[in-house]
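The lines below spell out each chain.
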Amino acid sequence: MNPADVRIAFFDTKPYDKDSFERQNSQFGFSLTFFPNHLTPQTVSLCQDFDAVCAFVNDTINAEVVDKLAGYGVQLIAMRSSGYNNVDLKACADRLKIVRVPAYSPHGVAEYAVAMMLTLNRNTHRAFYRTRDSNFSINGFMGFDLYGKTAAIIGTGQIGRIVCEILQGFGMKVIAYDPFPAKAWAQERGIELVDLEVAYEQADILTLHCPLTPQNIHMINRETIAMMKRGVMVINTGRGKLIRTEDLLEGLRSGQIGSAGLDVYEEETDYFFEDYSNLIVKDDVLARLLTFPNVLLTSHQAFFTQEAIANIAQTTLSNVREFFSGEKLTNEVLPPQKQAKA
Ligand code: NAI
């Protein structure tokens, strides 16, 4: 394989992606082309002269896109994310290989989830604007001590475990739910593994660190919100569709949910990573969410650290190299039937 002959089309690229990939590509020598557009059925025709596509969390890689990619001779989809819920794996089976970046900075994402908790609890984001306006009142900013409270972590993979360990440092009681629990780790760390219902019932802070799967879409909904303590704080840096946002809004309106930190949103594709400050936000649910003083909504930025951006580019390009050199793929995403057997 001559690396320069491997043509990779990048979608949804921002200046920081281009900088980082071009820097890391000096070790690899591939031909890189950067498109700002999302990969969608409308833009997939841009892939006609490429061997691989590199996509991100809000690209649409459904059966229609996969069919076209396979038809153009694209061989590899290199996700530059850990999540791959936006890829139709069944459609890819036996036609296109998929690779991903399983971890780029679990510390960065975990630290961000905790930043959301501290910010929402103590209102530092609002205090910043008040004092800049010479308003030195602290009315409305009363928080609670994290010490002694219960945090429920949903998903104890790489990110969830780090969140557990950070929150233990605050003196919180940490409980966790995972369908595939890491029992030895939990025992060693003094983390209580509980059923999901218990996590909902006992949490003062509930934070989501599981992937989005067909089984857990809208796991936070009217029924599960009703099981929670009144005034619970809900944090989601996982995926937007883990929460049924209409039900979250209802919980916020009634006071059942005390506050929500959302780095992801179920309909984020059209909005996140884009500048809408001169445009109208037509998504009424998103617009309503943004009116709540106890909602901190950010634009899928939990991963966004120097370390993560460098790791994403390095791992993605080495995934591509493995594929085009015929090596074993370290970070392959298997089709569903093979995942079940693995
Ligand atoms: P991981 O694969 O290391 O861990 C995920 C854990 O969730 C596993 O232990 C798994 O058993 C568990 N799990 C699976 N289904 C579950 C369910 N229904 N309920 C509870 N737990 C369940 O993944 P990692 O690296 O910790 O990332 C977690 C998620 O965070 C990713 O899937 C991704 O969606 C999201 N993420 C978000 C980022 C952001 O910038 N906001 C950046 C990176 C990841």
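Values in this document were obtained by computation on a predicted structure and should not be read as measured data.

Engineer: So, empty space enclosed by the protein: which residues are in play, and what are the values?
Structural biologist: With the rule as written, the count across this model stands at 2 cavities of 30 Å³ or more. Looking at the largest cavity, the residues that line it are Asp12, Lys14, Tyr16, Asp17, Ser20, Phe21, Phe56, Arg80, Phe273, Phe303, Ile309 and Ile312. At the level of secondary structure, the elements contributing two or more residues to the lining of the largest cavity comprise helix 1 (15-24) and helix 12 (306-324). Of all the elements, helix 1 adds the most residues to the lining of the largest cavity, at 4 residues. Broken down by class, the residue content of the lining of the largest cavity amounts to 7 nonpolar, 1 polar and 4 charged. Considering the residues around the second largest cavity, the lining is formed by Asn236, Gly240, Ile243, Thr245, Leu262, Val264, Tyr265 and Glu266. Residue composition of the lining of the second largest cavity, grouped by class: 4 nonpolar, 3 polar and 1 charged.

Engineer: I'd love a proper account of the domain arrangement of the protein chain, names of residues and values included.
Structural biologist: Along its sequence, the protein chain is organised into domain 1 (3-104 + 305-341) and domain 2 (106-297). Centre-to-centre separation of domain 1 and domain 2, based on C-alpha positions: 30 Å. Here domain 1 packs against domain 2, burying approximately 960 Å² in sum over the two surfaces, 51% of which is carbon and sulfur. Of all residues in domain 1, Lys14, Asn58 and Asn85 bury the most surface against domain 2, accounting for 44% of the area lost on that side. For the interface between domain 1 and domain 2, the tally reads 1 salt bridge. The residue Glu274 makes a salt bridge to Lys14 at a minimum N-O spacing of 3.2 Å. If you look at where domain 1 meets domain 2, you find 4 residue pairs in polar contact (both at pLDDT 80 or more). Classifying every residue of the side of domain 1 that touches domain 2 gives 6 nonpolar, 5 polar and 2 charged.

Thresholds, definitions, all that
- Residues numbered from 1 in each chain as written.
- Predicted model: local features only at pLDDT ≥ 70, side-chain atom pairs only at ≥ 80, totals over all residues.
- Heavy atoms only, no water.
- 1 Å grid on protein atoms, 1.4 Å probe; cavity = no way out; pocket = protein on both sides within 12 Å on 5 of 7 lines; lining within 4 Å.
- Points joined across faces, edges and corners; volume = space filled by probe spheres on them.
- Helix = DSSP H or I, 4+ residues; strand = E, 2+ residues; numbered from the N terminus.
- Nonpolar A, V, L, I, M, F, W, Y, C, P; charged D, E, K, R; others polar.
- Domains from an automatic or database assignment.
- Buried area = accessible area lost by both parts, 1.4 Å probe.
- Salt bridge = Lys/Arg side-chain N within 4 Å of Asp/Glu carboxyl O.
- Polar contact = N/O pair within 3.5 Å; in protein donor to acceptor, adjacent residues only side chain to side chain.

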